[in-house]
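# Analysis of the macromolecular model
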Amino acid sequence: MTKLFGNIALQPRDIAWEWAESRDTANKHVVHCKLCGKKMSGGIHRFKKHIMQIKGQVTSCREATVEIMRKIGEDMALKNQSKSHKNHIDAILTEVCFLHMKF
């Protein structure tokens with residue numbers, strides 16, 4: 001959910017930032033793991049794969065506890081569910097708009 005502060009729209013802070021930090025203000029895509037110290041590029045989404053120990057794109061964080069992985073996993077599942085619902089609504093709206101077009 002986006003919150004408005006004056007005329008500026010603020011995105012909610014991702015839960016994963018509790019265990020990550022961006023030390024370079026010019027490049028937010030470089031993230032450091034607070035648990036193991038690993039530096040990686042690719043932003044917070046790639047960092048979540050590091051914490052969740054998803055093989056293939058990043059090295060696994062050996063310091064991540066089951067509780068941390070559970071919290072991030074639940075957050076990722078909720079965001080995927082929300083995105084899926086939004087895509088479904090967008091498809092319905094597109095179809096309705098198309099049906100009401102005059103050719």
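These numbers were taken from a predicted model, which means no experiment stands behind them. (Residues numbered from 1 in each chain as written. Predicted model: local features only at pLDDT ≥ 70, side-chain atom pairs only at ≥ 80, totals over all residues. Heavy atoms only, no water.)

For helix α1 (residues 43-52), a buried count of seven out of 10 residues is recorded, marking the element as mostly surrounded by other parts of the structure. Those residues of α1 that fall on the buried side of the exposure criterion are Gly43, Ile44, Phe47, Lys48, Lys49, His50 and Ile51. Count one or two residues on from α1 and you reach Gln53, which has phi positive near 60°. (Buried < 20%, exposed > 50% of the residue type's maximum accessible area, 1.4 Å probe, protein only. Helix = DSSP H or I, 4+ residues; strand = E, 2+ residues; numbered from the N terminus.)

Moving on: the nonpolar core. Ranked by internal contacts, the top residues of the largest apolar core, which has 16 residues, are Ala20, Ile44, Phe47, Ile51 and Ile72. Counting only elements with at least two residues in this core, the list comes to β4 (30-33), α1 and α2 (66-99). Element by element, the count of residues in this core is highest for α2, at four residues. Not counting residues within four places of it along the chain, the set of residues in contact with Phe47 comprises Ala16, Trp19, Ala20, Val31, Cys33 and Met40. (Core = buried A, V, L, I, M, F, W, Y, C linked by side-chain atoms within 4.5 Å. Contact = heavy atoms within 4.5 Å.)

The sheet built from three strands is open, its strands ordered β3-β4-β5 with antiparallel pairing. Of all the strands in the sheet, the pair left with one neighbour each is β3 (20-21) and β5 (39-41). As paired strands, β4 and β5 are joined by three bridges and run antiparallel to one another. Looking across to β5, one finds that Val31 is bridged to Met40. Sheet strands touched by α1: β3, β4 and β5. Its angle to β4, the strand with the most contacts, is close to 30°. (Pairing = 2+ DSSP bridges. Axes fitted to C-alpha atoms, helices over the stretch in contact; angles between N-to-C directions.)

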